[in-house]
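Coordinates in review
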There are 2 protein chains.
Amino acid sequence: LDKTSLHNVPGFRSGGISSGIKKSGAPDLALILSDIDAIAAGLFTKNRVKAAPVLLSMKRIRGGRVRGIIVNSGNANACTGDRGRKDAEAMASSAEEALGIRKGSILTASTGVIGVPLPVEKITGNIKRLCSSLRHNGLKDAGKAIMTTDAFPKSASIRVPIGGKTVTVSGIAKGAGMICPQMATMLAFILTDAKISPPVLKKALKEAAEDTFNSINVDNDTSTNDAVIALANGASGCAEIKAPQKGYNAFRDALKSVCLRLALLIVKDGEGATKAIRITVKGGRSASDARRAARTVAQSYLVKAAFFGGDPNWGRILAALGRSGARIREDRVRVSFNSVDVVRDGLDTGREKEAARAIREKAEVIVDIDLGIGRSSSTVWTSDLTYDYVRINSAYRT
Amino acid sequence: LDKTSLHNVPGFRSGGISSGIKKSGAPDLALILSDIDAIAAGLFTKNRVKAAPVLLSMKRIRGGRVRGIIVNSGNANACTGDRGRKDAEAMASSAEEALGIRKGSILTASTGVIGVPLPVEKITGNIKRLCSSLRHNGLKDAGKAIMTTDAFPKSASIRVPIGGKTVTVSGIAKGAGMICPQMATMLAFILTDAKISPPVLKKALKEAAEDTFNSINVDNDTSTNDAVIALANGASGCAEIKAPQKGYNAFRDALKSVCLRLALLIVKDGEGATKAIRITVKGGRSASDARRAARTVAQSYLVKAAFFGGDPNWGRILAALGRSGARIREDRVRVSFNSVDVVRDGLDTGREKEAARAIREKAEVIVDIDLGIGRSSSTVWTSDLTYDYVRINSAYRT
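Each value, and the rule that gives it
- Residues numbered from 1 in each chain as written.
- Chains lettered and ligands numbered in written order.
- Predicted model: local features only at pLDDT ≥ 70, side-chain atom pairs only at ≥ 80, totals over all residues.
- Heavy atoms only, no water.
- Helix = DSSP H or I, 4+ residues; strand = E, 2+ residues; numbered from the N terminus.
- Rg over C-alpha atoms; globule rule 2.2 N^0.38 Å.
- Contact = heavy atoms within 4.5 Å.
- Areas by Shrake-Rupley, 256 points an atom, 1.4 Å probe, with all protein chains shown as cover.
- Buried < 20%, exposed > 50% of the residue type's maximum accessible area, 1.4 Å probe, protein only.
- Polar contact = N/O pair within 3.5 Å; in protein donor to acceptor, adjacent residues only side chain to side chain.
- Pairing = 2+ DSSP bridges.
- Buried area = accessible area lost by both parts, 1.4 Å probe.
- Salt bridge = Lys/Arg side-chain N within 4 Å of Asp/Glu carboxyl O.
- Nonpolar A, V, L, I, M, F, W, Y, C, P; charged D, E, K, R; others polar.
- Least-squares fit on C-alpha atoms with pLDDT ≥ 70 in both.
- Phe/Tyr/Trp six-rings, centres within 6.5 Å; stacked < 30°, edge-to-face > 60°.
- Lys NZ or Arg CZ within 6 Å of the ring centre and 35° of its normal.
- pLDDT = per-residue confidence, 0-100.
- Axes fitted to C-alpha atoms, helices over the stretch in contact; angles between N-to-C directions.
- Parallel < 35°, antiparallel > 145°, perpendicular 65-115°, else oblique.

The next point concerns the overall build of chain A. Looking only at helices and strands, one finds 12 helices and 15 strands in chain A. Here the C-alpha atoms of chain A give a radius of gyration of 22 Å, agreeing with the 21 Å that 2.2 N^0.38 yields for 398 residues. Overall, chain A is about 70 × 55 × 35 Å in size when its C-alpha atoms are taken along their principal axes. For chain A, the proportion of contacts with a sequence separation of at least 24, taken over those separated by at least 6, is 81%. When the accessible area of chain A is evaluated, it comes to approximately 14,200 Å², of which 48% is carbon and sulfur surface.

Structure below.
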């Protein structure tokens, strides 16, 4: 995984511009285009209230082949009824017409405020300028144009040898609030020049998302617009990736490392966050018990507020474990913060001051928990709860 | 329901003193005593990690008859192992010995910080002074001595004619954080001079709690120490209350009105809260759907932060409804804030400014939601998410 550069993916061009949807004048319109039909797979929000662009993309992606994605920020086009559905289609077809490509070959995504009609004329009126912005190294610009409350743009990139060729996987993401471990809690677009069929790409994307996008939590809220979309155009010339095969594992792992990097950037940028918190639960009776325990700790606002204050308040961890429903041996539980044991056999170790120092010194907190009952484990990531979270979310629109 | 006075319950005496558990010197030790054996019923935290005093009370209440309850604040005696169990027993037996009453007849409750050994000698060393503080009008003092982060003491009282006599029901409660709709999320002690058997008292208490203590939420966290205990000593001389009977309904409703008042005082005192929020969902396909929808809205920090900011952000309500899992007809959904319609048929009504005014003017926000699909309804109460919630919970111990 290359943390510094965002590799161009052969056969793809991207771009981003300001269309005026955001009053600030910041970039708010992005386009990603493959030179030829690309294999497409997507994971979409489980929220029953789905935005119009999500519903349109879900329908179009079924065919397994698309040319690209148009995305706007500043307006979610959610809870906008018939007009919203027409606006999503207009947004896609204006791009298809300007590019002279097949109708139905562009996917859509939107992110921003819910319930306000999309000012679609700002998109259609600027579509030519958007198309002229397409460049082989334009993914970074697209990444900037999909931001909302994000403090920084998010991207990740990797190159791996697969099927005798070098395959590139590059992705961008946005997300800082309404982030909860239930697919899919943000927007992410991942491009690759791997050669792969639609069902195999879908399988790899699902597997990659489980321990990455589905294992992060900022505020327990799943949005109406979230989508993770992967496009693969085969331009690397690699042998076709089939599952299960050695090449498949290499590709899935590359995809996963890009997804993990993007997911962790989202946690790091959690609204108002000052700390990234990794919670690993081991010793669970079952995988689902370990997961439930880890998620409940990650969702506790009391735990998250304590970390903001640099307080090694393990009592709140125990209370969260207890209400999670996971089986637990209270007299065997262990908890540590950044490697300082604070609970052993369910009791205070008296190392509170040391633990407080270990939390305050670092921008990351590693919480290790042993339920003391079995062999299953699970890891989730979250951020702390801060004054700025309240400020951002009490002042978002007004 | 008498909102201003806390009626004495014949046959009960209560008291509260400062024992030095709280460094501030504030009252931290309370005792409630019935002149004779009282019928007792209790509802206890569902958290798997239960504090020692909870485990002891659960065991002792099985007999159905007790003399009283000793309660300390400032220390939860939770996650304290064998020593904690011995301390809880010592706390009870010191009261039993000082009062010269049967061993095993006093229940225990503790509230405060988790994981720190209880300084039990402060309780045993002050037990005589605590017993001397017992007075017929001492319930108010007991109410003060059980406070932790509470901004004010909480009590409720009612007198009703049952079985030919006037029956009194008076209660006290504490709670401001770690409040989530899952029995029992705080401490409440309710006294009555009604004549009633243990199973009937338990049934009435369970029914009363469902729409009151189990319908409030501050921060989704269920504590390790929560308990609601009702004591009935029969001193009113009323005919014995049996279910189902007219007298039963009158008693259950009286109990419920006291529980509701206490529950709403807890919401009003939600840590850092500036607004009490009532969320009523109707039009649900089933009662559980309506409840799930109402609870998910009440648990959304984005919704709660928006109300703090006076922002009528109905998009966040729709997003919460969508992820609740409740069935919903998006094209029929209606939402109003303090009687101002903001969503009709799933769409914005354009009355945002009016709604913002209606929210900002009042200390209470009434949120009415229609899922548009059936006839079931549910109501829950919550508070807003504020800077002070973060301040209180990031600085609680350090």
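There is more to say after this.
Residue and element names in this part refer to chain B. Burial of helix α9 (residues 301–308) is extensive: seven of the eight residues sit out of reach of the surface. Along α9, the residues classified as buried are Tyr 301, Leu 302, Val 303, Lys 304, Ala 305, Ala 306 and Phe 307. For α9, the N-terminal capping position is held by Ser 300, with its side-chain oxygen 3.3 Å away from the main-chain nitrogen of Leu 302. Looking one or two residues past α9, Gly 310 carries a phi angle of roughly 70°, positive in sign.

Attention now goes to the pairing of strand β3 (residues 65–75) of chain B. All names here are of chain B. Burial analysis of β3 places nine of its 11 residues in the buried class, the great majority of the element. Direction of pairing for strand β2 (residues 29–44) relative to β3: antiparallel, over a ladder of seven bridges. Note that in β3 the partner of Leu 31 across the bridge is Ile 70.

Another point: the interface of chain A and chain B. At the interface, 53 residues of chain A touch 53 residues of chain B. In total, about 4,600 Å² of surface goes out of reach between chain A and chain B, with carbon and sulfur atoms giving 56% of it. At the junction of chain A and chain B, the tally comes to zero salt bridges. For the side of chain A that touches chain B, the element with the most residues is helix α10 (residues 314–323) of chain A, which contributes seven residues. Residues belonging to the side of chain A that touches chain B are distributed by class as follows: 21 nonpolar, 18 polar and 14 charged.

Moving on: the environment of A:Trp381. Along the chain, A:Trp381 falls in strand β15 (residues 376–383). For the pair A:Trp381 and A:Asn214, spaced 167 residues apart in the sequence, the C-alpha separation amounts to 9.7 Å.

Here we come to the environment of A:Val113. Residues and elements named next belong to chain A. Tracing the sequence through the fold places Val 113 in strand β4 (residues 106–113). Accessibility expressed as a relative area gives 15% for Val 113, which makes it buried. Counting along the chain gives 40 residues from Val 113 to Ser 73, while the straight-line C-alpha distance between them is 8.9 Å.

Now for the relation of the copies chain A and chain B. The two copies are related by a screw operation: chain A maps onto chain B through 180° of rotation and 0.0 Å of translation along the axis, at an RMSD of 0.0 Å. Each copy turns onto its partner about a two-fold axis. Using C-alpha coordinates, one finds that chain A approaches the rotation axis most closely at A:Tyr387, a distance of 2.7 Å. An overlap of 100% is found between the interface residues of chain A and their copies at the interface of chain B, pointing to a shared contact surface.

Here the focus is the packing of aromatic side chains. Scanning the model with the defined rule gives six aromatic pairs over all chains in all. Ring centres of B:Phe308 and B:Tyr387 lie 5.5 Å apart, and the angle between their planes is 85°; this geometry places the pair in the edge-to-face category. Taken together, the residues B:Phe308 in helix α9 and B:Tyr387 in helix α12 (residues 387–394) connect sequence positions 79 residues apart. Owing to a relative accessible area of 23%, B:Phe308 belongs among the partly exposed residues under this scheme. Over the face of the ring belonging to A:Phe152 we find A:Lys154, whose NZ or CZ atom lies 4.5 Å from the ring centre.

It is worth spelling out the confidence of the model for chain A at this point. Residue and element names in this part refer to chain A. When pLDDT is averaged along chain A, the result is 89, and 94% of the positions lie at 70 or above. When the criterion is pLDDT under 50, residues 180–185 qualifies, and its contacts beyond four places in sequence or with other chains add up to 36 contacts. Model confidence for the complex: the whole-complex pTM is 0.80, and ipTM, which rates the interface, is 0.75.

A cis amide bond links A:Ala243 with the next residue in sequence, A:Pro244, at an omega value of -10°. Positioned with a positive phi, A:Asp345 is a non-glycine residue whose angle comes to about 50°. Tracing the sequence through the fold places A:Asp345 in the loop between β12 (340–344) and β13 (347–348). Not every positive phi belongs to a glycine, and B:Asn77 is a case in point at roughly 45°. When you line up the elements, B:Asn77 lands in the loop between β3 and α2 (81–99). A relative accessible area of 0% places B:Asn77 in the buried class.

Further remarks concern the pairing of strand β5 (residues 154–162) of chain B. Here β5(B) runs beside strand β6 (residues 165–174) of chain B; their pairing, made up of nine bridges, is antiparallel. The partner of B:Ser155 across the bridge, within β6(B), is B:Ile172.

Moving on: the pattern of salt bridges. Residues and elements named next belong to chain A. Per the counting criterion, the structure on display carries 40 salt bridges over all chains. Linking Arg 13 and Asp 35 is a salt bridge whose minimum nitrogen-to-oxygen distance equals 3.8 Å. With Arg 13 in strand β1 (residues 12–17) and Asp 35 in strand β2 (residues 29–44), this residue pair connects regions lying 22 residues apart in the sequence. Given the relative accessible area of 28%, Arg 13 is considered partly exposed. Given the relative accessible area of 38%, Asp 35 is considered partly exposed. In the salt-bridge network here, residues are joined through shared partners; they are Lys 203, Glu 207, Arg 252 and Asp 253.

Residues and elements named next belong to chain B. Tracing the sequence through the fold places Lys 154 in strand β5. Under the relative-accessibility criterion, Lys 154 is labelled buried at 1%. In this structure the side chain of Lys 154 is engaged in a polar contact, spanning 2.7 Å, whose partner is the side chain of Asp 150. Side-chain polar atoms of Lys 154 contact the backbone oxygen of Phe 152, separated by 2.9 Å. When residues no more than four places from it in sequence are discounted, the contact partners of Lys 154 are Gly 171, Ile 172, Ala 173, Gly 175, Leu 262, Leu 265, Ile 266 and Asp 269.

Attention shifts here to the packing of helix α12 (residues 387–394) of chain A against α9(B). Close contact between α12(A) and α9(B) brings their axes to 8 Å; oriented N to C, the two are set at 75°. As summarised for this structure, α12(A) and α9(B) are arranged roughly perpendicular, according to the angle between their axes. From α12(A), A:Tyr389, A:Val390, A:Asn393 and A:Ser394 reach across to α9(B), where they touch B:Tyr301, B:Leu302, B:Ala305, B:Ala306 and B:Phe308. Its residues assigned to classes, the contact of α12(A) with α9(B) comprises seven nonpolar, two polar and no charged.

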